[in-house]
Amino acid sequence: MTASEPASATTWKVGPLAAASGLTVRTLHHWDTIGLLSPSRRTAGGHREYDGDDVARLYQVLALRSLGLGLETITVCLDRGVDPVRLVHDHLGRVEASIAALDDVRRRLRRLGEELAGDETPSTTSLLDALRALGRTGSESEGALGRHLDADQVEVLRTRGAALGPAAHYLLEVEWPELYRRAEALRTAGVAPTDARVRRLVARMDELSTLFTGGDAGIAAGVRRAWHEDPAAMSGDAAAPADDWRELTAYLGEARR
């Protein structure tokens with residue numbers, strides 16, 4: 001048997017799988033340790049054996065890692081049963097909607113510019129159309145952030161989010177909400193905010209915050225204020241109970257102290 005051939009028709013030992021996937025045995029051992037990719041079988045001698053489902057998960061791990069996602073984010077995505085294809089399609093849909101909205105702005109602004117260039121007084125209709133089009137290019141969460149951050153701070157968030165590429169979608173739409181869900185479950189179960197489990201969640205939230213804010217304490221504080229005062233807009237859930245969100249943010253604040 002060569003290094004790249006499976007141990008049997010249905011299982012792979014760690015060495016052949018590492019060689020076939022371009023990884024090292026040490027990497028696969030590490031992924032097993034952290035729970036990202038654990039072999040479903042063990043031989044009588046205790047050696048790892050990966051089956052077809054494990055190989056399929058390995059493919060997903062490598063695909064998500066190619067998007068720039070961290071291992072913890074990938075673990076959350078896969079363990080929550082998130083379909084990476086669906087998430088990419090969702091992300092694409094958001095991008096295309098943004099492009100369509102910006103194209104509408106461009107068209108209306110061109111019309112307004114032509115009126116101004118022709119020494120015409122812009123009609124009220126043209127001005128209102130342009131304002132409405134501009135309003136549609138921002139999300140509710142951006143509007144909420146705009147009430148707590150200045151234009152330069154909002155631009156920092158946009159720039160850093162764009163630099164993360166597709167990873168930004170996963171971090172914001174998958175991992176961050178999951179961290180909040182886990183924290184809320186601990187809070188409602190009566191777990192003290194000083195508990196190590198809560199503090200680990202807060203530490204990861206703060207890591208993600210740093211990715212988007214660049215470590216700017218003023219921006220981070222503004223984002224937290226936006227979540228505290230307008231959770232429905234920030235979460236995208238119109239039914240989000242403000243009191244529960246405020247209790248959770250207070251709980252997380254105690255954990256940070």
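Residues numbered from 1 in each chain as written. Predicted model: local features only at pLDDT ≥ 70, side-chain atom pairs only at ≥ 80, totals over all residues. Heavy atoms only, no water.

A.B. asks: For the overall build of the protein chain, give the residues involved together with the corresponding values.
C.D. replies: Each helix and strand in the protein chain was counted, giving 13 helices and three strands. The 257 residues of the protein chain split such that 36% are buried. The long-range share in the protein chain, meaning contacts at least 24 apart out of those at least 6 apart in sequence, stands at 60%. Accessible surface computed for the protein chain: about 14600 Å², of which carbon and sulfur atoms make up 53%. (Helix = DSSP H or I, 4+ residues; strand = E, 2+ residues; numbered from the N terminus. Buried < 20%, exposed > 50% of the residue type's maximum accessible area, 1.4 Å probe, protein only. Contact = heavy atoms within 4.5 Å. Areas by Shrake-Rupley, 256 points an atom, 1.4 Å probe, with all protein chains shown as cover.)

A.B. asks: I'd like a description of the sheet that holds strand β1 (residues 12–13), backed by residues and values.
C.D. replies: Picture the strands of a sheet paired through backbone hydrogen bonds; they go either parallel or antiparallel. An order of β1-β3-β2 is seen for the three strands of this open sheet, with the pairing classed as antiparallel. Bordering the open sheet on either side are β1 and β2 (41–42), each of which pairs with just one other strand. Across two bridges, β2 lies against strand β3 (residues 48–50) in antiparallel orientation. By the bridge assignment, R42 is partnered in β3 with R48. (Pairing = 2+ DSSP bridges.)

A.B. asks: Lay out the pattern of salt bridges in plain terms, naming residues and giving numbers.
C.D. replies: Within this structure, the stated rule accounts for ten salt bridges. D32 serves as the salt-bridge partner of R48, at 2.9 Å between the closest nitrogen and oxygen. Of this pair, R48 sits in strand β3 while D32 sits in helix α2 (residues 25–33), placing them 16 residues apart in sequence. On the basis of relative accessibility, which here comes to 22%, the residue R48 falls in the partly exposed class. (Salt bridge = Lys/Arg side-chain N within 4 Å of Asp/Glu carboxyl O.)

A.B. asks: Requested: an account of helix α10 (residues 196–213), with residues and values cited.
C.D. replies: Its 18 residues place the ends of α10 25 Å apart at the C-alpha level, agreeing with the 26 Å of an ideal helix rising 1.5 Å per residue. Three or more residues of α10 are buried, namely V198, L201, V202, R204, M205, L208, S209, F212 and T213. Around the axis of α10, the buried residues are gathered within 165° of arc, so they sit on the same side. The opening residue of α10 is D195, an N-cap whose side-chain oxygen sits 2.8 Å from the backbone nitrogen of R197. A positive backbone phi angle near 70° is found at G214, which sits one or two residues after α10. (Expected span 1.5 Å × (residues − 1). Arc of directions from axis to C-beta. Polar contact = N/O pair within 3.5 Å; in protein donor to acceptor, adjacent residues only side chain to side chain.)

A.B. asks: Tell me about helix α4 (residues 71–79), and name the residues and values.
C.D. replies: All of the buried residues along α4 are T73, I74, T75, V76, C77 and L78. Taken from the residues just after α4, G81 is the one with a positive phi, measuring 75°.

A.B. asks: Quick rundown of the layout of surface pockets? Include the residues and the values.
C.D. replies: Estimates place the volume of the second largest pocket at around 270 Å³. Every residue lining the second largest pocket is listed: I34, L71, E72, T75, V76, D79, L179, R182, R197, R200, L201 and R204. Looking at the lining of the second largest pocket, the elements with two or more residues in it are α4, α9 (166–188) and α10. Looking at which element gives the most residues to the lining of the second largest pocket, the answer is α4, with five residues. By residue class, the composition of the lining of the second largest pocket is five nonpolar, one polar and six charged. (1 Å grid on protein atoms, 1.4 Å probe; cavity = no way out; pocket = protein on both sides within 12 Å on 5 of 7 lines; lining within 4 Å. Points joined across faces, edges and corners; volume = space filled by probe spheres on them. Nonpolar A, V, L, I, M, F, W, Y, C, P; charged D, E, K, R; others polar.)

A.B. asks: Report on the packing of helix α1 (residues 14–21) against α2, specifying residues and quantitative values.
C.D. replies: One can describe the packing of α1 onto α2 by two numbers: an axis separation of 8 Å at closest approach and a directional angle of 110°. One finds that α1 runs roughly perpendicular with respect to α2. Between α1 and α2, the residues in contact are V14, G15, L17 and A18 and V25, L28 and H29, respectively. Its residues assigned to classes, the contact of α1 with α2 comprises five nonpolar, two polar and no charged. (Axes fitted to C-alpha atoms, helices over the stretch in contact; angles between N-to-C directions. Parallel < 35°, antiparallel > 145°, perpendicular 65-115°, else oblique.)

A.B. asks: Can you tell me about the confidence of the model for the protein chain, naming the residues and giving the values?
C.D. replies: Here the protein chain averages 77 in pLDDT, and 75% of its residues register 70 or above. Looking over the protein chain, one finds the lowest element-wise mean pLDDT in helix α6 (residues 124–136), namely 56, and the highest in α2, namely 90. For the stretch residues 1–8, pLDDT sits under 50, and the model shows 15 contacts to residues farther than four places along the chain or on other chains. (pLDDT = per-residue confidence, 0-100.)

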